[in-house]
Amino acid sequence: MTDADPQPADGDTLLLEFVRDRDAPCPMCGYNLRNLPTPICPECREPLSLTVGVRKPRFGWFVVAITPGFFSGICAAMMLIPLVGSLYSPNGPAPWPVWALDAFGWLSGLAALVLVRYRYAFLRLPQTVQRGSAVMLWAIHLTAFAGLVAAGLFW
Ligand SMILES: [Zn+2]
């Protein structure tokens, strides 16, 4: 934009128009700014500005969905040392289900990272789909964890 461009309406004007005949609390002190004459809160003297916000992004199910993946990834990374060690153990290597579950943990951790990468696509899904995905991921991981405990018992 150059200086020659006419400003459509300056921010202060838009702010005063916004609060004209409209209840809006001061973000600092909560004072009702309805019919504010100047862009300064009359109560706390804070200079005010009009901004664009997002409708409450709901990260709840997203966090629930990525938690088991991250946990599995960390566990899988830590399990790798005793697993590789078991190759040289006199008792023989760990049974294949333990290896399979470790691989599952790595894949799960990777999947969680992919989910973080595409978080906005996930957050655009309807809440019911987000919840369903999170519940399904937990079910898969709890099953895998139960399998790991069972496999560990026979190791
Ligand atoms: Zn205020």
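Residues numbered from 1 in each chain as written. Predicted model: local features only at pLDDT ≥ 70, side-chain atom pairs only at ≥ 80, totals over all residues. Heavy atoms only, no water.

Here the focus is the overall build of the protein chain. Counting its regular elements, the protein chain contains five helices and zero strands. Reading the protein chain from its N terminus to its C terminus gives the helix and strand order α-α-α-α-α. Taking 2.2 N^0.38 as the reference for a compact globule, 155 residues should give roughly 15 Å; the C-alpha atoms of the protein chain span a radius of gyration of 27 Å, well beyond that estimate. Dimensions of the protein chain along its principal axes, counting C-alpha atoms only, are 85 × 35 × 30 Å. A buried classification covers 23% of the 155 residues belonging to the protein chain. When contacts within the protein chain are restricted to residue pairs at least 6 apart in sequence, long-range pairs at least 24 apart make up 51% of them. When the accessible area of the protein chain is evaluated, it comes to approximately 11200 Å², of which 67% is carbon and sulfur surface. Each charge sign in the protein chain was given a centre, from 11 positive and 10 negative side chains, and these centres are 14 Å apart. (Helix = DSSP H or I, 4+ residues; strand = E, 2+ residues; numbered from the N terminus. Rg over C-alpha atoms; globule rule 2.2 N^0.38 Å. Buried < 20%, exposed > 50% of the residue type's maximum accessible area, 1.4 Å probe, protein only. Contact = heavy atoms within 4.5 Å. Areas by Shrake-Rupley, 256 points an atom, 1.4 Å probe, with all protein chains shown as cover. Lys, Arg positive; Asp, Glu negative; His and termini not counted. Charge placed at Lys NZ, Arg CZ, Asp CG, Glu CD.)

Next up on the list: the packing of aromatic side chains. For any two aromatic rings, the description comes down to two numbers: the centre-to-centre distance and the angle of the planes. Enumeration over the complete set of coordinates arrives at one aromatic pair. Between Arg 22 and the ring centre of Phe 18, over which it is positioned, the NZ or CZ distance is 4.0 Å. The lysine or arginine in question, Arg 117, covers the ring of Tyr 118, its NZ or CZ lying 4.9 Å from the ring centre. (Phe/Tyr/Trp six-rings, centres within 6.5 Å; stacked < 30°, edge-to-face > 60°. Lys NZ or Arg CZ within 6 Å of the ring centre and 35° of its normal.)

For the rest of this paragraph, the subject is the pattern of salt bridges. For the structure on display, the rule yields one salt bridge. Note that Arg 34 is salt-bridged to Asp 23, the shortest N-O span being 3.0 Å. Note that Arg 34 is positioned in the loop between helix H1 (11–19) and helix H2 (60–86) and Asp 23 in the loop between H1 and H2, a separation of eleven residues in sequence. (Salt bridge = Lys/Arg side-chain N within 4 Å of Asp/Glu carboxyl O.)

Moving on, we get to the coordination of the zinc ion. The zinc ion binds to the protein through Cys 26 (SG), Cys 29 (SG), Cys 41 (SG) and Cys 44 (SG); the donor distances cover 2.2 to 2.3 Å. Coordination at the zinc ion is tetrahedral, judged from the four donor atoms that bind it and the angles of 107 to 114 degrees they form at the metal. Sequence spacing among the residues donating to the zinc ion works out to C-x2-C-x11-C-x2-C. With Cys 29 in the loop between H1 and H2 and Cys 41 in the loop between H1 and H2, this pair connects stretches of sequence that are twelve residues apart. Overall, the relative accessible area of 37% leaves Cys 29 in the partly exposed class. Exposure remark for Cys 41: the relative accessible area of 0% places this residue in the buried category. (Donors = N, O, S within 2.8 Å, 3.2 Å for Na, K, Ca; no water. Tetrahedral: all angles 85-135°; square planar, octahedral: opposite > 155°, others 65-115°.)

Next up on the list: a nonpolar patch on the surface. A grouping of Leu 80, Val 84, Leu 87, Tyr 88 and Trp 106 is seen on the molecular surface, where their side chains present a nonpolar patch of about 520 Å² in accessible area. The residue Tyr 88 is located in the loop between H2 and helix H3 (96–117) in this model. In this structure Tyr 88 comes out as exposed when scored by relative accessible area, which is 68%. (Patch = residues over 30% accessible without salt bridge, like charges linked within 9 Å, V, L, I, M, F, W, Y side chains within 5 Å.)

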